[in-house]
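Take a look at the letters that make up each chain.
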Amino acid sequence: MVVTNVVGSAITREADAVLYLQAGPEIAVASTKAFVTQVLVLQMLALHLAGVRGTLSSNRLRTFGQALRSLPRQAAETLKLAPQIKKLAQRYAGVRDFIYIGRGVGFPIAMEGALKLKELSYVHAEGYAAGELKHGPIALLDPQTPLVAIATKGAIYDKVVSNVAEARARSAPVIAVATEGDDQIDRYAHDVIYVQDVPEPISPVIVVLPLQLLAYEIAVARGTDVDQPRNLAKSVTVE
């Protein structure tokens, strides 16, 4: 089975089953909406299998279904953060290195945020599991190396806040993506990007948006080509 956005592509002819993203044409080489819809489609597949296998109750599935239907509205609200993120980007456009951290579902989103920054702006960035911060990456933090933390509400929120406090103690600028109504994180983060409250398992669809915007705005501020980054192509033709 394959998950793809391009109807009739070569891989669809080889696969036994296909899930189409239906995201429309992806113009940029550094895919953004294709990534978001891919995460969403895989979440929907997981929920379907949970229903078939009986590992989630009908009430729990209904709750997730209602949350999924709210995502378009919440995504539209999140995109309204663009002016705030643009100001952030202008302030950090000259930075040479970024560290991104997240726990649980926030970890792959931290890696995606770092990847987009590298692809679009040519700034060195790395995504780490927040629990690994003190096992090496913390040595890189200083006033010239910002930390971007996925600190939205969840089962291990307090542990992420602890990581953010560690970074702040080392004088690193901290940008946190947090849940609206959180009155704790701004004690430790220099800048907070607030997103709407979304159930933790499906939160990546919303949380990744400000990180993609940040990468875009830093790239614009640095004058790079956001649609055609150097050395990248839509199709990888060599292994």
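To be clear, the structure that these remarks concern was listed above.
So, here's what we can say about the structure. Computed from a predicted structure; not experimentally measured. (Residues numbered from 1 in each chain as written. Predicted model: local features only at pLDDT ≥ 70, side-chain atom pairs only at ≥ 80, totals over all residues. Heavy atoms only, no water.)

### Let's talk about the packing of helix α5 (residues 106–121) against helix α7 (residues 204–222)
Part 1: One can describe the packing of α5 onto α7 by two numbers: an axis separation of 9 Å at closest approach and a directional angle of 20°. Classified by the interaxial angle, the pair formed by α5 and α7 is roughly parallel. Between α5 and α7 lies a crossing whose hand is right-handed. Facing α5, whose interface residues are Ile109, Glu112, Gly113, Lys116, Leu117, Leu120 and Ser121, α7 presents Pro204, Val207, Val208, Leu211, Gln212, Ala215, Tyr216, Ile218, Ala219 and Arg222.
Part 2: Its residues assigned to classes, the contact of α5 with α7 shows 11 nonpolar, three polar and three charged. (Axes fitted to C-alpha atoms, helices over the stretch in contact; angles between N-to-C directions. Helix = DSSP H or I, 4+ residues; strand = E, 2+ residues; numbered from the N terminus. Parallel < 35°, antiparallel > 145°, perpendicular 65-115°, else oblique. Left-handed = near helix turned anticlockwise from the far one by under 90°. Contact = heavy atoms within 4.5 Å. Nonpolar A, V, L, I, M, F, W, Y, C, P; charged D, E, K, R; others polar.)

### Here we look at the packing of aromatic side chains
Part 1: Per the stated rule, a full pass over the model turns up two aromatic pairs.
Part 2: Each ring, one from Tyr92 and one from Phe98, has its centre 6.3 Å from the other, and the planes form 65°; the classification is edge-to-face.
Part 3: Using a relative accessible area of 7% as the deciding quantity, one classes Tyr92 as buried.
Part 4: Ring centres of Phe98 and Tyr100 lie 6.3 Å apart, and the angle between their planes is 40°; on these two criteria the pair is classed as tilted.
Part 5: Assessed through its relative accessible area of 1%, Phe98 is described here as buried.
Part 6: Of the residues examined, Tyr100 reaches a relative accessible area of 0% and is grouped as buried.
Part 7: An aromatic cluster of at least three residues, connected via ring pairs, comprises Tyr92, Phe98 and Tyr100.
Part 8: Lying across the ring of Tyr122, Arg230 places its NZ or CZ 3.9 Å from the centre. (Phe/Tyr/Trp six-rings, centres within 6.5 Å; stacked < 30°, edge-to-face > 60°. Buried < 20%, exposed > 50% of the residue type's maximum accessible area, 1.4 Å probe, protein only. Lys NZ or Arg CZ within 6 Å of the ring centre and 35° of its normal.)

### Looking at the packing of helix α4 (residues 82–92) against α7
Part 1: Relative to each other, α4 and α7 sit at 50°, their axes nearing to 9 Å. It follows that α4 is oblique to α7 by the angle criterion. Crossing handedness for the pair α4 and α7: right-handed. Here Ala82, Ile85, Lys86, Leu88 and Ala89 of α4 lie close against α7, whose contacting residues are Pro210, Leu213, Leu214, Glu217 and Ile218.
Part 2: Across the contact of α4 with α7, the residue classes break down as eight nonpolar, no polar and two charged.

### What to know about the pattern of salt bridges
Part 1: As enumerated under the stated definition, the model contains eight salt bridges in all.
Part 2: Residues Lys116 and Glu119 are paired through a salt bridge, measuring 3.7 Å at the closest nitrogen-oxygen approach. Remark: Glu119 and Lys116 occur in helix α5; sequence separation between them is three residues, near one turn of the helix. Comparing Lys116 with Glu119, the two get one shared label, buried.
Part 3: In this structure, Arg170 and Glu166 form a salt bridge, with 2.9 Å as the shortest nitrogen-oxygen distance.
Part 4: Since its relative accessible area comes to 35%, Arg170 is described here as partly exposed.
Part 5: Bridged by salt links that share partners, the residues Glu112, Lys116 and Glu119 form one connected network. (Salt bridge = Lys/Arg side-chain N within 4 Å of Asp/Glu carboxyl O.)

These figures come from the coordinates and say nothing about function on their own.
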